Amino acid sequence: QVQLVESGGGLVQPGGSLRLSCAASGMTFRFYDMSWYRQAPGKQRELVAGITIDDNTNYADSVKGRFTITRDNAKNTVYLQMNSLKPEDTAVYYCKSERRRPVPLSYWGQGTQVTVSS
């Protein structure tokens, strides 16, 4: 039923930009906090950016000033605009949805590869 489908990943040169999209279905999107995580080889999965149901945002220190998370409730989609990309941004990026009430629920997308290399 619930699906999170990421898109927009690919190969980009250092200093370039990408916009990731995560389209949600099978859930009441506006009731879920949304976030982007990433996982590089040999590293733990880390939170990159989050956006709450009331549009509060938070970012990892490593991406502040470069990445922007937004949501479009009418389209059931969350975005991650990635600017000034660095090789250390290379990872698989995952979309996550989460709610606490009335019962805890969370879902993960399948991930999309972002590679930053010259």
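You'll find the structure just up there.
Residues numbered from 1 in each chain as written. Predicted model: local features only at pLDDT ≥ 70, side-chain atom pairs only at ≥ 80, totals over all residues. Heavy atoms only, no water.

Undergrad: Can you explain the side chain of Thr-112? Please cite residues and give values.
TA: Here Thr-112 lies in strand β11 (residues 112-116). According to the relative accessible area criterion, Thr-112 is buried, its value standing at 11%. Here the side chain of Thr-112 touches Gly-9 through a polar contact of 3.4 Å, landing on its backbone nitrogen. Ignoring anything within four residues of it in the chain, the contact list for Thr-112 reads Glu-6, Gly-9, Leu-20, Ala-91, Val-92 and Tyr-93. (Helix = DSSP H or I, 4+ residues; strand = E, 2+ residues; numbered from the N terminus. Buried < 20%, exposed > 50% of the residue type's maximum accessible area, 1.4 Å probe, protein only. Polar contact = N/O pair within 3.5 Å; in protein donor to acceptor, adjacent residues only side chain to side chain. Contact = heavy atoms within 4.5 Å.)

Undergrad: Can you explain the pattern of salt bridges? Please cite residues and give values.
TA: Tallied over the entire structure, the rule returns six salt bridges. One salt bridge connects Arg-38 with Glu-46, and the closest N-O pair in it is separated by 2.8 Å. Residue Arg-38 is classed as buried on the basis of its relative accessible area, which comes to 5%. A salt bridge links Lys-64 to Asp-61; the shortest N-O distance between them is 3.0 Å. Three or more residues joined by partner-sharing salt bridges are found here, namely Arg-38, Glu-46, Arg-66 and Asp-89. (Salt bridge = Lys/Arg side-chain N within 4 Å of Asp/Glu carboxyl O.)

Just geometry here; none of it tells us what the structure is for.
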